[in-house]
Amino acid sequence: MATLETTLAAEHEALTRRCGLVDRSERGKLLLKGPEAKDFLQGQVSNDVCGLRTGDGCYAAFLTPKGKMLGDLRILDGGEAGLWLDTERSTLQELFNLVRRFKLGRAVELEKRTVQRGLLSLVGPDARRLAGAEDLPQAEHAHRLGELAGARVRLVVTAAGVDAICDTGATEVIREALEAAGAEPVSEAADEVVRVERGRPRYGFELDDTVIPQEAGLNERAVSFTKGCYVGQETVARLFYRGKPNRHLRGLRLTAPVPAGTELRLGTKVVGRVASSVVSPVHGPIALALVRREAEPGAQLDAGDAGATATVAELPF
């Protein structure tokens, strides 16, 4: 009988060397449409929405007036169909409330699509071939409509492969077709290991309403410094042009596994807490954390009270 460790190792190999299949249908999904949809969203999120063309997409954050993250989202420009938004399920209501609160008087319509849409992620070097998406641009978030197993699907380029977004009723038949083509079902735990190895922060783990995007290394991916005003812009711009963040997202190479929330100390000073902690088949026990800037790469930290230590590392591992 396969052990948990051997199963995880096999799934990790699928995700990094072939193609793993992860069901992410639980993500929150919205459709924003209307003649003012782009202009409206441009003033609410950190990236440049008005610069998108049909088939483009971007990653962005929505912030408090003080520049702290209320959530993050992917925005896909579907042309006449509108803007497709997806976010962590935990931040869906916050995003929905934001749009509903500030769209008053604007020619904008908001529709919930979480239950109506499935989302299957293909992760690994064979993802494009198995999804029939080899013609898509290399740019992350590029997308187009296509067909899988006779069903309409929106294929979206991700940093790790391809997402297939479809009607909920077609999710199972598409999953079966992808598995028949060679995609290997993997657990969320294995997918989390790969996420941590790649150093990609996730809302609810490394990201929350105490974090400014630059602290988590998100400026390049999520922030435009050439667009017009948006909620939280002043703080984000001031930190970028004039200041240095007090914290940075770092990797941790651990001498033993420790749970999320474990206190990290440099000498006697607490410099952060573990956010995500996994055991990688390649790297062993590793973690992600936002740590104070004095905990530079190479620094040795005490992790908790059980004698574990952590070496601060640059990302990705």
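Structure's up top.
Quick caveat: nothing in here was measured; it's all calculated off a predicted structure.

**Notes on unusual backbone geometry**
Looking along the chain, the bond that leaves Leu315 and enters Pro316 is cis, with omega of 0°. The residue Pro316 is located in the segment after strand 17 (308–313) in this model. If you check the backbone angles, His141 has positive phi at about 80° while not being a glycine.

**A look at the environment of Cys58**
Note on placement: Cys58 falls in strand 3 (residues 57–63). A relative accessible area of 6% places Cys58 in the buried class. Each C-alpha atom, one on Cys58 and one on Arg195, is 19 Å from the other, the two residues being 137 residues apart in sequence. Apart from residues no more than four positions distant in its own chain, Cys58 is found in contact with Asn47, Asp48, Leu52, Leu73, Arg74, Ile75 and His141.

**So, the sheet that holds strand 5 (residues 83–87)**
Here five strands make up an open sheet; going across it, the order is 3-4-5-2-6 and the pairing antiparallel. For this open sheet the edge positions go to strand 3 and strand 6 (109–112), each flanked by a neighbour on one side alone. Averaged over all neighbouring strand pairs, the angle between strand axes comes to 25°, with direction disregarded. For strand 2 (residues 28–33) and strand 6, the ladder comprises four bridges, and the chain directions are antiparallel. Following the sheet pairing, Leu31 is matched in strand 6 by Glu111. Docked against the sheet, helix 3 (residues 92–102) engages strand 2, strand 3, strand 4 (69–77), strand 5 and strand 6, running at close to 15° with respect to strand 2.

**Looking at the pairing of strand 15 (residues 284–292)**
In terms of residue burial, strand 15 counts as a mostly covered element, since eight of its nine residues are buried. Where strand 14 (residues 269–280) folds back on strand 15, the antiparallel hairpin that results is connected by three residues.

How each quantity is defined
- Residues numbered from 1 in each chain as written.
- Predicted model: local features only at pLDDT ≥ 70, side-chain atom pairs only at ≥ 80, totals over all residues.
- Heavy atoms only, no water.
- Helix = DSSP H or I, 4+ residues; strand = E, 2+ residues; numbered from the N terminus.
- Buried < 20%, exposed > 50% of the residue type's maximum accessible area, 1.4 Å probe, protein only.
- Contact = heavy atoms within 4.5 Å.
- Pairing = 2+ DSSP bridges.
- Axes fitted to C-alpha atoms, helices over the stretch in contact; angles between N-to-C directions.

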